[in-house]
Amino acid sequence: MKKHTTLLALLLALLLALTGCGGSNAEDAGSADGSADASAVSSADPGPETADASISSQPVEEEPALTAADVYAMDAGAVLTAEQLDEVDTSELFFYEEISDQVFARMEGVSFGSDCTTAREDLRYVRVLHTGFDGETHIGELVVNQAIAEDIVEIFQSLYEASYPIEKMLLIDEYGGDDELSMEDNNTSCFNFRAVSGTDHLSQHAYGLAIDVNPLYNPYITSSGYEPYNAGDYIDRTLDFDYKIDESDLCYQLFTQHGFTWGGSWSSVKDYQHFQRAAE
């Protein structure tokens, strides 16, 4: 009996040992299968960091540099940023040309009325840069007589290079050809087929031979009053204030060097904004 009991115990111990080995093998197999699955997932999905690295390696297309033609397509009065000015040769932005159909469409019936005796062929469209009262670079435009076009470009390029402040420079057609409205808004302008204020005589502006610079701060003064109406603070020329044109002013110096006369030196009236030159 004891012999049978011992044999039974040995068989039971052997069975337990075999059962333990089987569990271990199953566990190992499960681990191997798990590793294989993880490897497959890792290979299929590179994860966000790998994906970002792939995207960032793609070449980025740079925008083309600004050209003079791009600036020409902009409206007068537009502001050019420092970055834009770095991309373009600013000397190309000072020029004059014949009056295009597009420009003439703005002028016809306004500054260039049906009674205009100045030929379109005698006028030139001028584009320049100027430093605004805000310190930014603005695109300016004028229509002038061909006889002074080159001088006007040179004068305003020198003023820009010296950061001389000019608030606005738009065709007077933007004000319906109304000289008073243009002056009130401190707009610098040239051609406008009109008479001298209060007379029947044609102004030099009618020929494109006169230009008014920062007119609000440099008014037209007669014995009976002044223009524009909102220039009262700038009538007394003994006072010192910004944007005042006098004989020490760069604007005066450049225009007179180019053969222009200044309205501020007239005796009967004073026109401090005004520079004109006779046709050659």
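See the structure shown above.
One structure accompanies this document, and this report is about it. (Residues numbered from 1 in each chain as written. Predicted model: local features only at pLDDT ≥ 70, side-chain atom pairs only at ≥ 80, totals over all residues. Heavy atoms only, no water.)

**Some remarks on the overall build of the protein**
The following threshold applies: Secondary structure follows DSSP: runs of H or I at least 4 residues long count as helices, runs of E at least 2 residues long count as strands, and numbering of each begins at the N terminus. Per-residue accessibility takes into account occlusion by the displayed protein chains alone, with areas from the Shrake-Rupley method and a 1.4 Å probe.
Secondary structure summary: the protein contains eight helices and 10 strands in total. Total accessible area computed for the protein in this model is approximately 15,900 Å², and 52% of it derives from carbon and sulfur atoms.

**Remarks on the packing of aromatic side chains**
The condition is simple: For this analysis, a ring pair means two rings from Phe, Tyr or Trp (six-membered ring only for Trp) whose centres lie within 6.5 Å, classed as stacked if their planes differ by under 30 degrees, edge-to-face if by over 60, and tilted for the remaining angles. Only protein chains enter the calculation, and the probe is 1.4 Å; a residue is then buried if its accessible area is under 20% of its type maximum, exposed if over 50%, and partly exposed in between. Two conditions define a charge sitting above a ring: the NZ of Lys or the CZ of Arg must be within 6 Å of the ring centre, and it must be within 35 degrees of the ring normal.
Applying the stated criterion across every chain, the model contains 14 aromatic pairs. Between the aromatic rings of Phe 112 and Phe 191, the centroid separation amounts to 6.4 Å while the plane-to-plane angle is 40 degrees, which identifies the pairing as tilted. Taken together, the positions of Phe 112 in the loop between helix H5 (101-107) and strand E3 (123-131) and Phe 191 in the loop between helix H7 (179-184) and strand E5 (210-212) put the pair 79 residues apart, joining distant regions of the chain. The buried category is assigned to Phe 112, whose relative accessible area is 12%. The cationic tip of Lys 244 hangs over the ring face of Phe 241; the distance from NZ or CZ to the ring centre is 5.7 Å.

**A look at the nonpolar core**
Operational definition: By nonpolar core is meant a set of buried Ala, Val, Leu, Ile, Met, Phe, Trp, Tyr and Cys residues that side-chain atoms within 4.5 Å join together. Note on contacts: a residue pair qualifies if any of its non-hydrogen atoms lie within 4.5 Å across the two residues.
Grouped together as the largest cluster of nonpolar side chains are 39 residues, with contacts concentrated most on Leu 142, Ile 152, Phe 156, Phe 255 and Phe 275. Secondary structure elements with two or more residues in this core: helix H3 (68-72), E3, strand E4 (137-145), helix H6 (149-161) and helix H8 (250-257). With seven residues, the top contributor of residues to this core is H6. With sequence-adjacent residues up to four places away left out, Phe 156 is seen in contact with Phe 94, Val 128, Leu 129, Leu 142, Ile 166, Met 169, Thr 188, Ile 211 and Phe 255. Core analysis: the next-biggest nonpolar cluster, separate from the first, contains 13 residues, Val 103, Phe 104, Phe 112 and Cys 116 among them.

**Observations regarding unusual backbone geometry**
Note the cis peptide between Glu 227 and Pro 228, where omega equals 0 degrees. Position of Pro 228 among the secondary structure elements: in the loop between strand E7 (225-227) and H8. For Asn 214, which is not glycine, the phi torsion reads 40 degrees and is therefore positive. Structurally, Asn 214 is set in the loop between E5 and strand E6 (220-222).

**Description of the sheet that holds E3**
The strands making up a sheet are joined through hydrogen bonds of the backbone, oriented either antiparallel or parallel. Applicable threshold: DSSP bridges decide pairing: two strands pair if at least two such bridges lie between them.
Read across the sheet, four strands follow the order E1-E4-E3-E2 without closing on themselves; strand pairing throughout is antiparallel. Whereas interior strands pair on both sides, the edge strands pair on one side only; in this sheet they are strand E1 (79-80) and strand E2 (95-98). Pairing geometry for E2 and E3, over four bridges, is antiparallel. Looking at the pairing, Tyr 96 lines up with Val 126 of E3.

**Focus: the sheet that holds strand E8 (residues 261-262)**
Pairing in this open sheet of three strands is antiparallel, and the strands run E5-E10-E8 from one edge to the other. If you trace the sheet from one side to the other, it starts and ends with E5 and E8, each paired once. Where E5 lies against strand E10 (residues 274-276), three bridges are found, and the strand directions are antiparallel. Bridging across to E10, Ala 210 finds its partner in Gln 276.

It is worth stressing that arrangement in space is one thing and function is another; only the former is reported here.
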